[in-house]
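Structural overview
Residues per chain are reported as follows:
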Amino acid sequence: MKVTLNRINDNYLFEAKGESGVPVFIDSKTDEPSKGASPMELLLMGVGGCSAIDVVSILKKQRQEITSYKMEVAGEREEVREAKPFKAIHVRLYLEGKIDEAKAIRAAKLSFEKYCSVSITMEASVKITYSIELNGKSLAIIEV
């Protein structure tokens with residue numbers, strides 16, 4: 001896998017492209033208004049996107065009817081030398097539809113513990129937890 005970055009202004013705005021050719025804009029929060037996501041935001045988006053694809057795929061295979069899927073991914077950072085890496089990430093899944101509770105929990109568990117390459121890549125250095133809300137009902141808070 002490979003990505004390319006091209007600087008497109010005199011400050012910190014870059015256009016990144018992966019093998020798909022779809023552009024993603026990356027910017028520093030020092031520019032106002034920002035014209036792209038920060039690299040740390042992209043990490044959180046990667047965790048969320050990877051898991052969302054897994055969960056939807058698993059639930060569709062189980063013939064569950066998803067009418068709405070939303071997610072919040074929150075990262076807690078700590079100061080390490082001059083950097084501020086994530087020390088913890090919590091993912092909150094909001095599912096609606098005709099979905100069996102046990103299947104929703106199992107789909108999330110499979111994603112975070114077996115299939116999601118992004119969260120599995122980060123789990124050695126970042127505490128990852130997730131919770132599920134199904135049709136307005138909280139189901140579980142789980143630590144990977």
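Coordinates for the structure precede this section.
What you are looking at is a predicted structure, and each value in this text was computed from that prediction instead of being measured.

Conventions used here
- Residues numbered from 1 in each chain as written.
- Predicted model: local features only at pLDDT ≥ 70, side-chain atom pairs only at ≥ 80, totals over all residues.
- Heavy atoms only, no water.
- Helix = DSSP H or I, 4+ residues; strand = E, 2+ residues; numbered from the N terminus.
- Buried < 20%, exposed > 50% of the residue type's maximum accessible area, 1.4 Å probe, protein only.
- Contact = heavy atoms within 4.5 Å.
- Core = buried A, V, L, I, M, F, W, Y, C linked by side-chain atoms within 4.5 Å.
- Salt bridge = Lys/Arg side-chain N within 4 Å of Asp/Glu carboxyl O.
- Pairing = 2+ DSSP bridges.
- Axes fitted to C-alpha atoms, helices over the stretch in contact; angles between N-to-C directions.
- 1 Å grid on protein atoms, 1.4 Å probe; cavity = no way out; pocket = protein on both sides within 12 Å on 5 of 7 lines; lining within 4 Å.
- Points joined across faces, edges and corners; volume = space filled by probe spheres on them.
- Nonpolar A, V, L, I, M, F, W, Y, C, P; charged D, E, K, R; others polar.

1. Digging into the environment of A104
Note on placement: A104 falls in helix α2 (residues 101-115). Residue A104 is classed as buried on the basis of its relative accessible area, which comes to 1%. For the pair A104 and S68, spaced 36 residues apart in sequence, the C-alpha separation works out to 13 Å. Ignoring anything within four residues of it in the chain, the contact list for A104 reads L59, L95, I99, I132, L134 and L139.

2. Considerations on the nonpolar core
One recurring pattern in soluble globular proteins is that nonpolar side chains are buried together. Ranked by size, the top nonpolar core spans 24 residues in total, and within it I89, V91, L93, L95, F112, M122 and Y130 carry the most contacts. Those elements giving two or more residues to this core turn out to be α1 (39-61), β5 (86-98), α2, β6 (127-134) and β7 (137-143). Here L95 is in contact with L59, S68, Y69, A104, I132, E133, L134 and N135, once residues within four sequence places are set aside.

3. Remarks on the pattern of salt bridges
With the rule as written, the count across this model stands at five salt bridges. The partner of E15 in a salt bridge is K17, and the shortest N-O contact between them spans 3.9 Å. On the basis of relative accessible area, K17 is assigned to the partly exposed category, the value being 33%. A salt bridge links K137 to E101; the shortest N-O distance between them is 2.9 Å. Pair noted here: K137 is in strand β7 and E101 is in helix α2, with a separation of 36 residues, a long-range link. The class of E101 is partly exposed, set by a relative accessible area of 35%.

4. Focus: the sheet that holds strand β2 (residues 14-17)
Read from one edge of the open sheet, three strands run β1-β2-β3, paired in antiparallel fashion. Each end of this open sheet is capped by a strand with a single partner; those strands are β1 (4-7) and β3 (23-26). Neighbour-to-neighbour, the strand axes of the sheet open up by a mean angle of 25°, direction not taken into account. Of the strand pairs in this sheet, β2 and β3 are connected by four bridges, and their pairing is antiparallel. Residue pairing for β3: F14 is matched across the bridge by I26.

5. Section: the layout of surface pockets
Each pocket or cavity is described by its volume, and for the largest pocket that value is around 500 Å³. Ranked by residues supplied to the lining of the largest pocket, first place goes to α1 with three residues. A per-class count over the lining of the largest pocket returns 11 nonpolar, three polar and two charged.

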